[in-house]
Amino acid sequence: VAMRAEDVTILIGDNSVLARKQLKDAIVPFGISRILDAADGQEAVELYKEHVPDIVFLSLLMPEKDGATTISEIMEINPNADIIVVSSMGTQSQIKQTFQLGAKEFIQKPFHSQQITDILRSRLEGSV
């Protein structure tokens, strides 16, 4: 189901302040203003529970809870969660594991804002 940008909530889970800022910079031009920030896996799960965001961008390397655990817990809350893994490390087995756990896409860091744009475009109605 296509969503309207003004209705969308996005959660970014990454312990890197810079990575969160880069993701935000790619998201904001779409007119999406509800962007939640989590600096670790535990915080990401708590924010997910509270807000049930439409799209989650998630790093695999995070303190408190790693990406795999975080994905599993979010999928328990909502089996239809739209999780996009954005990570600098990604062996084939790790990438495969994230998909098995329920992630929809995998983006390798350093990412290009175009990759984020493409993902958002595919999910938002009437976006250019």
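Sequence positions are assigned chain by chain, starting from 1 and proceeding in written order. Only residues with pLDDT of 70 or above have their local features reported here, since the model is predicted, and side-chain atom pairs are shown and tallied only from 80 upward, although totals for entire chains, interfaces and linings are computed over all residues. Where side-chain values are given, they derive from all heavy atoms of the structure, hydrogens and water being excluded.

S.K.: What's the story with the pairing of strand 3 (residues 55-58) in this structure? I'm lost.
M.R.: For a regular strand, the rule is simple: side chains alternate between the two faces of the sheet. The rule is simple: take the accessible area with a 1.4 Å probe, protein chains only, and divide by the maximum for that residue type; under 20% is buried, over 50% is exposed, in between is partly exposed. Secondary structure elements are defined from DSSP: runs of H or I of at least 4 residues count as helices, runs of E of at least 2 residues count as strands, and each element is numbered from the N terminus. The side-chain alternation of strand 3 yields two buried faces, one formed by Ile 55 and Phe 57 and the other by Val 56 and Leu 58. Strand pairing follows a simple DSSP-based rule, namely that at least 2 bridges must link the two strands. Sheet analysis places strand 1 (residues 9-13) next to strand 3, joined by four bridges and oriented parallel. The residue bridging Ile 10 from the neighbouring strand is Ile 55, located in strand 3. Inspection of the sheet shows strand 3 paired to strand 4 (residues 83-87) by three bridges, in the parallel sense. When the sheet's bridge partners are listed, Leu 58 is paired in strand 4 with Val 85. Once you follow strand 3 into helix 3 (residues 67-77) and on to strand 4, the crossover reads as right-handed. Consider the strands pointing away from the viewer: the crossover is right-handed when the path from the first strand over the helix to the second runs clockwise.

S.K.: How do you make sense of the environment of Val 56 when you look at a structure like this?
M.R.: When you line up the elements, Val 56 lands in strand 3. For Val 56, a relative accessible area of 0% translates into the label buried. Measuring from C-alpha to C-alpha, the distance between Val 56 and Val 86 comes to 9.8 Å, with 30 residues separating the pair along the chain. Only heavy atoms matter for contacts: two residues are in contact if any of them lie within 4.5 Å across the pair. The contacts of Val 56, once residues within four sequence positions are left out, are Leu 11, Tyr 48, Ile 74, Asp 82, Ile 83 and Ile 84.

S.K.: I would appreciate a short explanation of unusual backbone geometry in the present structure.
M.R.: Where the residue is not glycine, phi is negative for most of them; where a peptide bond is considered, it is trans in most cases. The step from Lys 109 to Pro 110 runs through a cis peptide bond, and the omega angle for that step is -5 degrees. Assignment of secondary structure puts Pro 110 in the loop between strand 5 (105-108) and helix 5 (113-123). With phi around 40 degrees, Val 52 is a residue other than glycine that occupies positive phi space. Counting through the fold element by element, Val 52 comes out in the loop between helix 2 (41-51) and strand 3. The exposure class assigned to Val 52 is partly exposed, which follows from its relative accessible area of 41%. With phi around 70 degrees, Glu 64 is a residue other than glycine that occupies positive phi space. As for its position among the elements, Glu 64 is in the loop between strand 3 and helix 3. Residue Glu 64 is classed as exposed on the basis of its relative accessible area, which comes to 67%.

S.K.: Would you explain the pattern of salt bridges in this entry?
M.R.: Side chains that carry opposite charge are capable of pairing whenever their charged atoms lie near each other. Salt bridges are defined as contacts in which a side-chain nitrogen from Lys or Arg sits within 4 Å of a carboxyl oxygen from Asp or Glu. Scanning all chains against the criterion turns up 10 salt bridges. Note that Asp 14 is salt-bridged to Lys 109, the shortest N-O span being 2.6 Å. On the criterion of sequence distance, the pair formed by Asp 14 in the loop between strand 1 and helix 1 (17-27) and Lys 109 in the loop between strand 5 and helix 5 is long-range, its members being 95 residues apart. The exposure classification of Asp 14 matches that of Lys 109, with both residues buried. Of the charged contacts, one joins Arg 121 and Asp 118 as a salt bridge, the two residues approaching to 3.9 Å between their closest N and O atoms. Residue Arg 121 and its partner Asp 118 are located together in helix 5, separated by three residues, close to a single helical turn. The class for Arg 121 is partly exposed, based on a relative accessible area of 35%.

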